[in-house]
There are 2 protein chains.
Amino acid sequence: MNLKELAELLKLSQATVSRALNGYPEVREATRQRVLEAAQKYNYRPNTRAMGLATGKAMTIGHIIPTYSQNDVVNPVFGEFIAGASQTYSANGYELLLTVTQTSDENQTYRNLAAKGAVDGVIIHSPRKDDSRVQLLQDIGLPFVIHGRVNDTTLPYSWIDTNNRRAFNQATRLLIDLGHQRIALINGPVSLNYAWLRQQGYEQAMQAAGLPLDSAIMIGDELTETHGYRSANQLLNSEDPPSAFLVSSYVVALGVRRAIAHAGLSMGKDVSVIIHDDELSYFQNNDPEPQFTATRSSVRQAGVLAARMLLDIIDDPSCAPLTELLEAQLTIGASTGPLLPSARIKH
Amino acid sequence: MNLKELAELLKLSQATVSRALNGYPEVREATRQRVLEAAQKYNYRPNTRAMGLATGKAMTIGHIIPTYSQNDVVNPVFGEFIAGASQTYSANGYELLLTVTQTSDENQTYRNLAAKGAVDGVIIHSPRKDDSRVQLLQDIGLPFVIHGRVNDTTLPYSWIDTNNRRAFNQATRLLIDLGHQRIALINGPVSLNYAWLRQQGYEQAMQAAGLPLDSAIMIGDELTETHGYRSANQLLNSEDPPSAFLVSSYVVALGVRRAIAHAGLSMGKDVSVIIHDDELSYFQNNDPEPQFTATRSSVRQAGVLAARMLLDIIDDPSCAPLTELLEAQLTIGASTGPLLPSARIKH
DNA sequence: GTGAAAGCGCTAACAA
DNA sequence: TTGTTAGCGCTTTCAC
């Protein structure tokens, strides 16, 4: 069923039917009712492409997920983030176009998307510390919001991010308070800005406590179990093994735990582990009630907000960049042995 | 830059330029070269919507992710699956439209997508044991492939799935071989078919060994850490606690481990745990070399294949349903104490 | 308050 | 081999 057929059926012009459907005021109320009913009855939906052609708007937002290596792993939080964004989109009549792209040809990806007129704006994922996409998108004139931030740029842009630096600063302080001096940081790839910020938070806490920084115990790589195992294994077998691990992502932590078990050490006794994960985290301690909070919902909320921001920008492209820094809620999962309730990090 | 402008620039008709670009044979080679160069130079990309309108094809595939509760969790494997599918799509000039929908209005979602002409076909995720979507999509006439299978239907349809029943049958057998008699199954929601199949595999292995089935130790719920903790905690504190856990997904396993620690038990000694996870898994034992295989790549591969199948169906709608059953590769992660190398499950 | 007609950017008959 | 023309389904002036 298309407009023409619907109009013929109603013995009205396409124009009137269109106006009635789109809420234009000049349509007589009785007519509108008639149109609405018929549309309902015949399950009429305006054709997206035709509408887009006529209005010049795609009513579509692109989400672009870069993969940095051939078999790169997709960040598990994407699912939640996108679920949140999707909610905002459908509430506003937008659709979500997902593109997975290799870093090598990512510039082309953005250019194509803009040139094809496939999207009205994009959300950028996994920003690097120094990311040329900010410049590129501003050149193209495609509205965008970054999920995360870029470090090495002076250009203004819109973003939403969790406070990674603060979260890691606090987690490091917690381990220091527990008496640890040699704390390993098992991180994501430091070329990605979130990992860089996490490292900064760690470094600041260490320095503030007068503890030395040792690049040998700060290891960044893809968020895989293998990374966790290899890194922890290597460190535990080194001359001067750490007494604690601060780990990005519970997937990596699975590997760290395995290495600890493999070394015959007892977690929470011989060695402490703190996990930060955007998606899932909990306190592991001896409370009778589980101290658990999933932060999945906050990642989803970030998606909702990011989408909202982007739609606002599209509405008013001249508006100043929008930014949003979310404090991580209870995102520290710990297996530290003598973890005291008072030491718990609330955000 | 659009077709019209490009054609004027080249002093050719739009038709000729279009033909040159689309590889029609009747264009003179010299002309084609001229067109191709100009297109390249001006970074011309045909407008997707206009093309779609003219051809009647959307060149877009929809992926629909149902959420069953308000704050349902998005299955972490979606990311990998979609990354794989995306690869197939871009190689064939298709785009990926992602929709997250509530189960309550999911029928409308599919109807809308079809009526709006937004997609040429869809991939269905998270099929239920008895899923009306098969019937619905066949009624609508929208080509589709299911990621997973539906149990209670006689209708033919196309699907790709991992062999969940077999994986859980083997995992259960492994635990039985290790001497366990009371094995708890901490599963996903049994209304979802994958969980149902996993349960079947478990039940068959138990029955084949002459062991009783006890519905009190088969608990299905959302794949969250909380589910794992609560279920395991309850079972460990019951009159007749299990000596082993077979767990769907490592996220759930995190909770199970926590409950075990909380009960003062030692994992792999007092109690055994086997984890099955489509996305990530490994053997945890005492081998010097980590026995680890990530199956993320196989989920991604499933995405590649599913997309390929769907495009084939769209090409030839009259073809017979395509199906693909993937054997899980080393998808059992174990923490079983006396796990012998010979007991390892290869697929 | 409603209709006729032009046009969004492209493809595909049909002509030449 | 190339050009002309008529749509694809919708919105939006401009008349009435």
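Just so you know, these numbers come straight off a predicted model, no measurement behind them.

Enquirer: So what's going on with the protein's contact with DNA strand C? Residues and values would help.
Expert: Near DNA strand C lie 29 residues; those nearest to it are A:Arg19, A:Thr31, B:Leu3, B:Ser18 and B:Tyr24. Restricting attention to atoms of DNA strand C within 4 Å of the protein, one finds that 67% of them are sugar or phosphate atoms. Contact distances for DNA strand C include 2.8 Å between a phosphate oxygen and a side-chain N or O atom of A:Thr16. Between A:Arg28 and DNA strand C, the recorded distance is 3.0 Å, taken from a backbone N or O atom to a phosphate oxygen. Sorting the residues of the surface near DNA strand C by element identifies helix H2 (14-21) and helix H4 (48-55) of chain A together with helix H2 (14-21) and helix H4 (48-55) of chain B as the ones contributing at least two each. Top element by residues in the surface near DNA strand C is H4(B). It accounts for five residues. Within the surface near DNA strand C, the residues separate by chemical class into 14 nonpolar, nine polar and six charged.

Enquirer: So, the UniProt feature "domain: HTH lacI-type" (unreviewed entry) in chain A: which residues are in play, and what are the values?
Expert: With numbering aligned to this structure, UniProt lists the feature "domain: HTH lacI-type" (unreviewed entry) at residues 1-55 of chain A. Helix makes up 67% of residues 1-55 of chain A and strand 0%, and the two end C-alpha atoms of the span are 20 Å apart.

Enquirer: Describe the side chain of A:His147, naming the residues involved and giving the relevant values.
Expert: All names here are of chain A. Position of His147 relative to the elements: it lies in strand E4 (residues 144-147). We classify His147 as buried; its relative accessible area is 18%. Side-chain polar atoms of His147 contact the side chain of His125, separated by 3.3 Å. Setting aside its immediate chain neighbours within four residues, His147 contacts Phe81, Ile123, Ile124, His125, Ser126, Pro127 and Ile160.

Enquirer: Tell me about the pattern of salt bridges, and please be specific about residues and values.
Expert: Under the defined criterion, the tally for this structure stands at 24 salt bridges over all chains. In this structure, B:Arg128 and B:Glu106 form a salt bridge, with 2.5 Å as the shortest nitrogen-oxygen distance. In this pair, B:Arg128 is assigned in the loop between strand E3 (121-124) and helix H7 (133-140) and B:Glu106 in helix H6 (residues 106-115), connecting sequence segments 22 residues apart. According to the relative accessible area criterion, B:Arg128 is buried, its value standing at 14%. Across the pair B:Arg133 and B:Glu106 runs a salt bridge, and its minimum N-O distance is 3.7 Å. Here B:Glu106 lies in helix H6 and B:Arg133 lies in helix H7, a separation of 27 residues in the sequence. We classify B:Arg133 as buried; its relative accessible area is 1%. Because the salt bridges share partners, they merge into one network encompassing A:Glu106, A:Arg128, A:Asp131 and A:Arg133.

Enquirer: Provide a residue-level description of the side chain of A:Asn193, including the pertinent values.
Expert: Residues and elements named next belong to chain A. If you trace the backbone, Asn193 turns up in helix H9 (residues 193-208). Among the residues examined, Asn193 registers a relative accessible area of 2% and is labelled buried. Polar side-chain contacts of Asn193 include one of 2.8 Å to the backbone oxygen of Arg149. Ignoring any residue separated from it by four or fewer positions in sequence, one finds Asn193 in contact with Pro127, Arg128, Lys129, Arg149, Val150 and Asn151.

Enquirer: Could you give me a rundown of the domain arrangement of chain A, with the residues and numbers involved?
Expert: Partitioning chain A into structural domains gives domain 1 (3-46), domain 2 (60-162 + 299-327) and domain 3 (164-298). Placing the centre of domain 1 of chain A and that of domain 2 of chain A at their C-alpha centroids yields a distance of 36 Å.

Enquirer: Could you give me a rundown of a nonpolar patch on the surface, with the residues and numbers involved?
Expert: A surface patch of nonpolar side chains, about 260 Å² in accessible area, is lined by A:Met1, A:Leu9 and A:Tyr42. Residue placement: A:Met1 occurs in the segment before helix H1 (3-10).

Enquirer: Give me the packing of H4(A) against H4(B): which residues, what numbers.
Expert: Where H4(A) meets H4(B), the closest approach of the two axes is 8 Å, and the angle between their N-to-C directions is 130°. With respect to their mutual orientation, H4(A) and H4(B) come out oblique. Once H4(A) is placed against H4(B), the crossing between them reads as left-handed. Here A:Thr48, A:Arg49, A:Ala50, A:Gly52 and A:Leu53 of H4(A) come into contact with H4(B), specifically with B:Thr48, B:Arg49, B:Ala50, B:Gly52 and B:Leu53. Considering only residue class, the contact of H4(A) with H4(B) consists of four nonpolar, four polar and two charged.

Calculation rules
Residues numbered from 1 in each chain as written. Chains lettered and ligands numbered in written order. Predicted model: local features only at pLDDT ≥ 70, side-chain atom pairs only at ≥ 80, totals over all residues. Heavy atoms only, no water. Near = heavy atom within 4 Å. Polar contact = N/O pair within 3.5 Å; in protein donor to acceptor, adjacent residues only side chain to side chain. Helix = DSSP H or I, 4+ residues; strand = E, 2+ residues; numbered from the N terminus. Nonpolar A, V, L, I, M, F, W, Y, C, P; charged D, E, K, R; others polar. UniProt positions renumbered as here; feature names shortened; annotations may be inferred. Buried < 20%, exposed > 50% of the residue type's maximum accessible area, 1.4 Å probe, protein only. Contact = heavy atoms within 4.5 Å. Salt bridge = Lys/Arg side-chain N within 4 Å of Asp/Glu carboxyl O. Domains from an automatic or database assignment. Patch = residues over 30% accessible without salt bridge, like charges linked within 9 Å, V, L, I, M, F, W, Y side chains within 5 Å. Areas by Shrake-Rupley, 256 points an atom, 1.4 Å probe, with all protein chains shown as cover. Axes fitted to C-alpha atoms, helices over the stretch in contact; angles between N-to-C directions. Parallel < 35°, antiparallel > 145°, perpendicular 65-115°, else oblique. Left-handed = near helix turned anticlockwise from the far one by under 90°.

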